[in-house]
Amino acid sequence: MDTILQGIVNGTLIGSIYGLAALGLTLIFGVIKVINFAHGSCLMVGMYAAYWAVKLLGIHPYLAMVIVVPALFFFGYLMQDIVIKPVLKAQSDVREPTEVIIVTTGVWYILDNVTLMIFGAEYRVIQTSISGKIFELGDLIISKPKFYGFIATIVVSLALVWFLKYTKMGKSIRAASLDREAASLMGINQYRVYNIAFGIGTAIMGVVGCALIPFYYVFPTVGVIFDVKCFIIVVLGGLGSIPGALIGGVIVGLIESMGAQFMTSTWTELIVYVVFLAVLFVKPAGLFGSKLDW
Amino acid sequence: MAAILEVKNVSKHFGGLKAVDQVSLTINKGEIFGLIGPNGAGKSTLFNCVAGYYKPTMGDVFFKGEKITGVKPWNICKKKIGRTFQLVKPFKMKTVLYNTMVGAYARSAKPAEVRDMALAVLEELRLADEKDTLAKNLTIADRKRLEIARAMATDPELLLLDECMAGLRPNEVDEIIEILQGIRSRGVTIFVIEHIMRAIMALSDRIAVLQFGEKIMEGTPKEVSQDDRVIKAYLGESYVIAGN
Amino acid sequence: MTRDTLDRTLKILAVLTVFTLPLWVTNPSYLQILILLFWYAYLTTSWNLVGGWAGVLPLGHSAYIGIGAYTSTILAVNYGISPWFGMIAGGVIAAIVGVIIGVPTLKLRGAYFALSTMAFGEGLRVFVENTDRLGSCVLNGPRGICIPLSNSFWNFQFMDKAPYYYIILIMLAIALFITWHMSRIRIGYYLNAGGEEPEAAQALGVNVAKYKVIAMAISCFMTALAGTFYAQLALYFYPKAILGLDLSFEIAFIALIGGRGTLAGPVLGALILRPVSEFSRIYLSSVLPGLHLVIYGLILILVMIFQPRGIQEPLTRFYKWFLDKVTVSRG
C-alpha cells in the first residue's frame, strides 16, 4: 500500500515537471501551429545555464531562475525571429508549415553539438543545498527538489493562464492563435506576437532547467530524452491544450514511477508508448484536444 | 418543373449561435437560384450543410428526391453537386489544367479522357490560354474562374457558387454572368450566393433572402427588390449604389 | 545537335554509367558506399510517396525498415523461407501496420501525424531492444541478429557486391517508375490536391484521408523491402542500426533537402547529402566531435530558408540553362 502511495506521489511530482516542459511546447504549437523540435535542446540550454549559474556564482538553483529565465526568453525570441520567421513568411499561406519541423531539427543538431564541442560529453551533476533533501510525511518520503518543481509547475501554469486571459499581450497572442490573417488586420503584429510566444515557451524551459538541476544530470543530449517525452505528452493531452499538457505529463510520470516498482525502466518506457498509441486510437485528437484550434 | 434540391427545415447551431435556423428552400431543375443576405446571415453555412461540410443540427437536404443529409463532401460531389469556396482555394503550385483535371478525375480514371474534359471546361470558362500557368500566378478574376472551372469539371447537375464575383471589376463580372448563363443553358442548375446586386438580379430566376440565419422572403428579383423587409434588412444603401 | 537530342543523350549516358559502374568500380568498399547511396535514394523515394505527394511528414519510417528486416530474417532463420518471399511478407506486414497507424492520424492535423509516427517508431525500437524472444523467434534484443552464411540466389546472399548493387538499382528504378506513374494518374492528382488544399479537394470528389492511407500503405510496403535488402547485405543487424529516430529523420531530411514531392528530389538529395554527411563524419569527427552534425544542422536550416522546395529546383534550372547554353553556342 505504502509503496503504491509513494509511487503515486513520486509520479505526480516528476510528471508535473514533465508537464511543465510540455507546456512550453504546447503553447508554441497553439499559437504558431508549429512543433519546435529544438524544444528539448532549449531545455538542455536552460540546464547548462542553470548549472553554470550555480557553479560560477554559487547561488541557489532557484535564485538562478532570475538570470536563466530571461536569458532563455531572449534565446527563444531570437530563435523564432532569426530562424523560424523566414520560413513562416515564405510559407505564409500554409496553415501548418511542416518545414519548421526541419528547421528546428537543424537548430537541435546545432545546439546539442555546439554544446558537445564546448563542454564535452561528460555527465555533469552539481551538489546544491537542496540536492537529496527530503520531507518525511509519516512513511512517505518526498524529495524536496521534486516537490518544489511541482510547485513551480502550478505557479507557472497559473501565471500563464492569467497572462493569456487578462493582459493585452496575452489577448493578442490568443487572437493570433485563432486566425493569423484576421489578427494582423486588427493591427496585431503577428511576427512580434510569435516571437514573444516562442520566447515564453522557451523561458518555461528555463524554469524547468532550474527545477531539474538539483537532481538531474546535465549532458549535451539530455534534451532528446525530454523531446520525445514532451511530444508524447502533448499528443496525449491534445496539441495546444494547457491542461492537456499538465495532465499528460502526470500520466507519463505515473506510468514511469508505478511501473518502476514492477519492471525495468525500459519496459515502463514501452508502456508509455503503448498508452500513447491506445489513446491515439480511442481519442485521436488527444484527451483535451479538439480538431479545431483554441 | 421538377425540384432538384430541397432544403427542409435545416438548422445549424454552433454552441448557442443559430447560424442557420429552420430554412427551407426548393430549387427547380434548370433554374438559377440566388441567395442573398447581410454578412453573417448564414449563407455560407447553409451551403456547407448542402455540400456535406457541416452536418445540419436539424432538418434534411434532398437532392433529386434522395436524402443527402450528412453525406461526406466527396460523395456529394459524386452525386453531381459541385461547389466553389468564397475564399478560393486553388492548388497553387499546380497549373490551371492540373487544377481542373483534379475535378475531372471524379468522372473518369483515364488520363487522356480527363485531360480532354478539363480542356473543354477551360474553353467554356475562357481559361484555355492560361492552361499552363501556375495557379498562384493567376489574377483574382482568373482564380475565381478557375474555381468555377474545377467545380464544372466534376460535371455537376447542381452548381453551388459562393461569391464567385466578389472583388471583380464590372467587365469581369459581366463576363462571369455570361459564362454562367451559358452553363445554365446546358441544363445545369445553379445555386448562387452573391453580394453584387446587379449580378444577382440579372442572373437569378428566383432569390431567397437570409437574415440572422432565417429566411425572411423568397421571390423573383423584382419582388425581392421591392420588398420593404428586404430593403430595410439588407439592400438599402448597396442597392442604391449598384443601381446608379 | 538539338536541345532534345542532347538532353536525351545525356540521360542515356547517365543510365548507362549507372548500370555499368560495377565493371569499373571493383573495390568492394567503394561499391558498398554506392549500394548504400542507392539504398538511401530508394528509401527516400518510398518515403516521398506519403511524405512528399500526400503532404504529410512521417518521422518514423525506420519502423518499417525494421519490420522488413526482422520479418524476412525470422522467416528465413526459423522456417527456412527464402528472403525473397520474406521480403514480400515483411512488406505486407509493414503496409498493414502503416494503415493501422495512418487511419486515426491521417485525418488529423499534420503535427499529430508527424509526432505519432515518430512515437511509434521509437516505441517499436524500445520494444525490440527489450525483447530477446518473441514466441519461438529469437530477436536477441539490442544485440541483433546474425544471418547464417549460405551464398545462393535463393538465400538472397552473394559473395560479390555487384549483385547487391544491381538489386538495389532495380528496386530504385521500380520505385521511381511507380512514383512517376502514380503522378500521372488519378491517385497522384488526388494526393497532390489533398496535400495542398484538403477542403477544396474534398469538394472535387477526393476522399483525402483514404488516398493518404493508400499512399501510406504503398510507402510502408516499399520501405520494408529495403529492410530485407539491408539485412541480406549486412548479414547482421541490430535495432540501433535499422530502427530509431536517426534513420527516420535522415530519410525525411534527404527528401526535404532534395525536394519533397518531386521525382528527382529524393535521388538528388541522397546523392548530395549522403556523401557530405559520411565524409564530414569521417574527417571532422576526429578533429572536433559534433562538428559534422553542426554542419548538417546548418545545411538543413539554410536549405529550408532559401530553397524550401529543395535543391532539385536550382539543379533543374541549371541543367536547363546548361542545355540551352550548349545548344545555342553550337548552332
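Being a predicted model, the structure only gives us computed values, none of them experimental. (Residues numbered from 1 in each chain as written. Chains lettered and ligands numbered in written order. Predicted model: local features only at pLDDT ≥ 70, side-chain atom pairs only at ≥ 80, totals over all residues.)

1. Description of the overall build of chain A
The cut-off we apply is this: Put simply, DSSP marks the helices as runs of H or I at least four residues long and the strands as runs of E at least two long, and each gets a number from the N terminus on. Here the globule rule is a power law, 2.2 Å times the number of residues to the power 0.38, and the radius of gyration is based on C-alpha atoms.
Tallying secondary structure elements over chain A gives 11 helices and 2 strands in all. Traced from its N-terminal end to its C-terminal end, chain A shows the element sequence α-α-α-α-β-β-α-α-α-α-α-α-α. Taking 19 Å as the expected radius of gyration for a compact globule of 294 residues, we find that chain A reaches 19 Å, a close match to that expectation. Taking the principal axes of the C-alpha coordinates as reference, chain A spans close to 60 × 50 × 35 Å.

2. Observations regarding the sheet that holds strand 9 (residues 206–211) of chain B
Residues and elements named next belong to chain B. Basically, it comes down to this: Here the rule is simple: two strands pair whenever DSSP picks up at least two bridges between them. Fitting a line to C-alpha atoms yields each axis, with helices limited to the stretch in contact; the angle taken between N-to-C directions then spans 0 to 180 degrees. In this description, any two residues whose backbone-derived C-beta atoms lie within 7 Å of each other are considered to be in contact.
Pairing is mixed in the open sheet, where 6 strands are placed in the order 6-7-8-3-9-10. Looking at strand neighbours, the two that pair on one side only are strand 6 (81–83) and strand 10 (214–219), the edges of this open sheet. Across the sheet, the mean angle separating the axes of adjacent strands is 15 degrees when strand polarity is ignored. With 3 bridges joining them, strand 6 and strand 7 (residues 158–162) adopt parallel strand pairing. Pairing of Arg-83 across the sheet is with Leu-160, part of strand 7. Running over the sheet, helix 1 (residues 43–50) touches strand 3 (32–36), strand 6, strand 7, strand 8 (189–193) and strand 9 and is turned about 150 degrees from strand 7.

3. Quick look at helix 2 (residues 39–57) of chain A
Note: α-helices contain 3.6 residues per turn, so residues at a spacing of three or four share the same orientation. Residue and element names in this part refer to chain A. Convention followed: Helix span, as expected, comes to 1.5 Å for every residue beyond the first. Residues with at least 20 other C-beta atoms within 10 Å of their own are called buried, those with 12 or fewer are called exposed, and the rest are partly exposed. The C-beta atoms themselves are positioned from the backbone.
Here helix 2 contains 19 residues, and its C-alpha end-to-end distance of 26 Å stays within 8% of the 27 Å for a straight helix at 1.5 Å per residue. The buried fraction of helix 2 is high, at 15 of 19 residues. Downstream of helix 2 by one or two residues, Gly-58 has phi in the positive range, about 70 degrees.

4. With respect to the pairing of strand 7 of chain B
All names here are of chain B. Spelled out, the test is: Orienting the strands away from the viewer, one traces the path from the first strand over the helix to the second; a clockwise path indicates a right-handed crossover.
Of all 5 residues in strand 7, 5 are buried, a share of seventy percent or more. With burial as the criterion, each face of strand 7 is covered, one bearing Leu-158, Leu-160 and Asp-162 and the other bearing Leu-159 and Leu-161. Relative to strand 8, strand 7 is paired through 5 bridges, and the arrangement is parallel. Counted as the bridge partner of Leu-161 is Val-192 from strand 8. Assessed by its sense of winding, the connection that carries the chain from strand 7 through helix 6 (residues 170–185) to strand 8 is right-handed.

5. Considerations on the interface of chain C and chain A
Inclusion rule: Throughout, the ten residues Ala, Val, Leu, Ile, Met, Phe, Trp, Tyr, Cys and Pro are labelled nonpolar, Asp, Glu, Lys and Arg are labelled charged, and all others, Gly among them, are labelled polar.
Every contact between the two is made by 38 residues of chain C and, on the other side, 39 residues of chain A. Elements that contribute at least two residues to the side of chain C that touches chain A include exactly helix 4 (83–105), helix 5 (110–129), helix 11 (245–258) and helix 13 (291–306) of chain C. Among the elements that take part in the side of chain C that touches chain A, helix 5 of chain C stands out by supplying 14 residues, more than any other. Looking at the side of chain C that touches chain A residue by residue, the classes come out as 27 nonpolar, 7 polar and 4 charged.

6. Quick look at the interface of chain B and chain C
Opposite the 21 residues of chain B that make contact, chain C presents 18 residues. The greatest single-element share of the side of chain B that touches chain C, amounting to 4 residues, is contributed by helix 2 (residues 73–78) of chain B. When its residues are assigned to classes, the side of chain B that touches chain C shows 13 nonpolar, 2 polar and 6 charged.

7. Overview of the sheet that holds strand 2 (residues 17–28) of chain B
All names here are of chain B. With antiparallel pairing, 4 strands are arranged side by side in an open sheet as 2-1-4-5. Strands with a single pairing partner mark the edges of an open sheet, and in this sheet they are strand 2 and strand 5 (66–67). By the bridge criterion, 8 bridges tie strand 1 (residues 3–14) to strand 2 in an arrangement that is antiparallel. Within the sheet, the bridge partner assigned to Val-10 lies in strand 2 and is Val-23.

8. Overview of the environment of B:Asn75
Residue placement: B:Asn75 occurs in helix 2. For the pair B:Asn75 and B:Lys215, spaced 140 residues apart in the sequence, the C-alpha separation amounts to 28 Å.

9. Remarks on the confidence of the model for chain A
The following threshold applies: A residue's pLDDT is simply how confident the predictor is in it, with values from 0 to 100.
Looking at chain A, the pLDDT average stands at 86 and 93% of residues meet or exceed 70. Ranking the elements of chain A by mean pLDDT puts helix 7 (residues 180–185) of chain A last, at 64, and helix 2 of chain A first, at 93.

10. Considerations on the packing of helix 3 (residues 96–104) of chain B against helix 4 (residues 111–124) of chain B
Residues and elements named next belong to chain B. We apply this condition: Every angle not falling under 35 degrees, over 145, or within 65 to 115 is termed oblique; those three ranges are roughly parallel, roughly antiparallel and roughly perpendicular. Each crossing gets its hand from how the near helix is turned against the far one by less than a right angle, where anticlockwise is left-handed and clockwise is right-handed.
Axis separation between helix 3 and helix 4 bottoms out at 8 Å; the angle between their running directions is 115 degrees. On the basis of the axis angle, helix 3 is roughly perpendicular to helix 4. Helix 4 is crossed by helix 3, and the crossing has right-handed handedness. Of the residues in helix 4, those touching helix 3 at Val-96, Leu-97, Thr-100, Met-101 and Ala-104 are Val-114, Arg-115, Met-117, Ala-118, Val-121 and Leu-122. In terms of residue class, the contact of helix 3 with helix 4 is made up of 9 nonpolar, 1 polar and 1 charged.

11. Overview of the arrangement of the chains
No other pair of the 2 pairs of chains in contact has as many contacts as chains A and C. Separating chain A from chain B is a minimum C-alpha gap of 10 Å, and the two share no contact.

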